[in-house]
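Letter by letter, the chains look like this.
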Amino acid sequence: MFDLTDQPIDTAAWRARIVHPAAGGVTVFEGIVRDHHKGVAVAGLEYTAHAVLARKQGARIVAEAMARWNLRAAAGVHRLGRLGIGDMAVWIGVAADHRGEAFDACRFIIDQVKSRVPVWKREWRPDGSVAWVEGVPLEA
Amino acid sequence: MSFTVHWYGPLRDRRGCDQEMVESTAASPEALWRELAARHGLPGDRRALALAVAIGDDLAAWDAPLPAGAAVAFLPPVAGG
C-alpha cells in the first residue's frame, strides 16, 4: 500500500491500516520539512510528482519489503503540494512480529523511496527566492 | 506520429511547459529526446541531465519502441522524502 496525498498525512489512519494482532512491533518513519538544507535557510517546500508512476513505484518497494522480510503489513504515503516547516512530507510504517524486521524494512522502504519514486521538490528561502532541490537519478 | 510529451521537475522550467503534443518520426525515447533537445536548446545527451524516461504509466528503456500516440515523460533526478 503506497499513496500520494495533497492533504496533511493522517498518521492515525495510516497506523490503523498496518497494525496486526500478530505484530509485536510497529516501526514508523516520519519525514518532516526542516528549516535548512545544505546550510541554507528554508521557509517551505513544494512537492510535485509523476503521480501514476510514483504510486506504482511505491507499491513495488512495499511489495519488495514484504517479500524480503517476515512482515505483517507495510505502507507509505508521500505529500504533494506546498508544505511549511514542521509539516510531514512522508510517512512509512511497518508491522512485524519482532522489532528487528520492522526496523530493517522501514529503513529499506524510505531509502528506496528516495531514489525510485518520481517526486520533485522546490524550496522557498526566507528571502522569497525559489530553487529546485538537487536530486538523485531515478532508478527502476 | 504524434506523442504527448510530459516534462517534470526542473525540466518544466527549462522547457517552459508541463506537457505538449509533438509530431515526430522518432522511433525511441532516445531519438525523441535528441530531437526535442535540439529544438529547445537542451543538452542532446540525456545522460548529462541524468534523465529517466516513462512511456505511458511505467518506466521504459531509452531504446524501447514508441507506439503512436504514446505519452512520454522525461524524468530528471528525484528529490522525494
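Residue positions are counted from 1 within each chain, in the order its sequence is given. Think of it this way: whatever chain is written first is A, whatever ligand is written first is 1, and the rest follow in order. Whole-chain, interface and lining totals are the exception, using all residues; otherwise, since this is a predicted model, local features are given only for residues with pLDDT of at least 70 and side-chain atom pairs are given and counted only at 80 or more. Working from all heavy atoms in the structure, the side-chain values ignore hydrogens and water.

1. Focus on the overall build of chain B
Counting its secondary structure elements, chain B contains 2 helices and 5 strands. The numbering of helices and of strands both runs from the N terminus, where a helix is a DSSP run of H or I of at least 4 residues and a strand a run of E of at least 2. Across chain B, helices and strands are ordered from the amino to the carboxyl terminus as β-α-β-α-β-β-β. Only C-alpha atoms enter the radius of gyration, while the globule expectation follows 2.2 Å times N to the 0.38, with N the number of residues. Taking 81 residues into account, the globule formula puts the C-alpha radius of gyration at 12 Å, and chain B, at 12 Å, falls close to it. Projected onto the principal axes, the alpha-carbon positions of chain B cover approximately 35 × 25 × 20 Å. Exposure categories follow from relative accessible area, calculated using a 1.4 Å probe and restricted to protein chains: below 20% of the type maximum is buried, above 50% is exposed, and the middle band is partly exposed. Counting the 81 residues in chain B, one finds 52% classified as buried. Contacts are assigned to residue pairs with any non-hydrogen atoms lying within 4.5 Å of each other. Taking all contacts inside chain B whose residues are at least 6 apart in sequence as the whole, residues at least 24 apart take part in 46%. Under this rule, positive means Lys or Arg and negative means Asp or Glu; His and the chain ends count for nothing. By convention, charge coordinates are those of NZ in Lys, CZ in Arg, CG in Asp, or CD in Glu. The centroid of the 7 positive side-chain charges in chain B is displaced by 6 Å from the centroid of its 10 negative side-chain charges.

2. What about the overall build of chain A?
Each helix and strand in chain A was counted, giving 3 helices and 10 strands. Whereas a compact globule of 140 residues would reach a radius of gyration of roughly 14 Å, chain A reaches 15 Å, a difference of no more than 12%. Counting all 140 residues of chain A, 46% fall into the buried class. If you take every contact in chain A between residues at least 6 apart in sequence, the share linking residues at least 24 apart comes to 74%. In the form shown here, chain A has an accessible surface area of approximately 6800 Å², with 50% of it arising from carbon and sulfur atoms. Considering chain A, the positive charge centre built from 18 side chains and the negative charge centre built from 16 side chains are found 2 Å apart. Reported accessibility uses the Shrake-Rupley method at a 1.4 Å probe radius. Residues are deemed covered only where the shown protein chains occlude them.

3. With respect to the nonpolar core
Residues and elements named next belong to chain A. Counting residues in hydrophobic clusters, the biggest one holds 30 residues, and the most contacted among them are Y47, L71, I92, V94, I109 and V113. Counting residues per element, the ones that place at least two in this core are β1 (2-5), β5 (44-49), α2 (51-68), β6 (71-79), β8 (88-96) and α3 (99-116). Take this core: its biggest share by element is 7 residues, from α3. Contact partners of I92, with chain neighbours within four places excluded, come to T27, V28, F29, A75, G76, C106, I109, I110 and V113. Residues belong to a common nonpolar core when they are buried Ala, Val, Leu, Ile, Met, Phe, Trp, Tyr or Cys residues joined through side-chain atoms within 4.5 Å.

4. Things to note about the layout of surface pockets
To find the voids left in a structure, one rolls a probe of water-molecule size over its atoms. All names here are of chain A. Using protein atoms alone on a 1 Å grid, points that fit a 1.4 Å probe yet trap it form a cavity, whereas open point sets bounded by protein on both sides within 12 Å along at least five of seven lines form a pocket; residues with an atom within 4 Å of a point count as lining. Grid points are joined across faces, edges and corners, and a volume is the space filled by probe spheres set on the points. Here the largest pocket is characterised by a volume of approximately 370 Å³. Elements with a contribution of two residues or more to the lining of the largest pocket: β2 (25-32), β3 (36-37), β5, β8 and β9 (119-124). Among the elements that make up the lining of the largest pocket, the one with the highest residue count is β2 (3 residues). Note that Gly is not counted as nonpolar here; it falls among the polar residues with everything else outside the nonpolar set of Ala, Val, Leu, Ile, Met, Phe, Trp, Tyr, Cys and Pro and the charged set of Asp, Glu, Lys and Arg. Looking at the lining of the largest pocket residue by residue, the classes come out as 12 nonpolar, 6 polar and 5 charged.

5. Focus on unusual backbone geometry
With a phi angle near 50°, K38 of chain A is a residue other than glycine that sits in the positive phi range. Positive phi values are uncommon outside glycine, yet A50 of chain B reaches one of about 55°. With respect to the helices and strands, A50 of chain B occurs in the loop between α2 (29-40) and β3 (52-55). Given the relative accessible area of 25%, A50 of chain B is considered partly exposed.

6. A look at the packing of α2 of chain A against α3 of chain A
All names here are of chain A. Orientation is described by axes fitted as lines to C-alpha atoms, over the contacting stretch for helices, and by angles from 0 to 180 degrees between their N-to-C directions. At a closest axis distance of 10 Å, the pairing of α2 and α3 adopts a crossing angle of 150°. Considered as vectors, α2 and α3 are oriented roughly antiparallel to each other. Crossing of α2 against α3: the hand is right-handed. Where α2 abuts α3, its residues Q57, R60, I61, E64, A65 and R68 lie against F108, I109, Q112, V113 and R116. Orientation is classified from the angle alone, with under 35 degrees giving roughly parallel, over 145 giving roughly antiparallel, 65 to 115 giving roughly perpendicular, and any other angle giving oblique. Note: crossing handedness is left-handed where the near helix turns anticlockwise from the far helix by less than a right angle, and right-handed where it turns clockwise.

7. Side note on the pattern of salt bridges
The salt bridge criterion pairs a side-chain nitrogen of Lys or Arg with a carboxyl oxygen of Asp or Glu, the two atoms within 4 Å. Counted under the stated rule, the structure contains 14 salt bridges over all chains. D3 of chain A serves as the salt-bridge partner of R55 of chain A, at 2.7 Å between the closest nitrogen and oxygen. Here R55 of chain A, found in helix α2, pairs with D3 of chain A, found in strand β1; they are 52 residues apart in sequence, far enough to count as distant. Classification of D3 of chain A by relative accessible area gives partly exposed; the value is 28%. One network of salt bridges, with partners in common, ties together K56 and R60 of chain A together with D58 of chain B.

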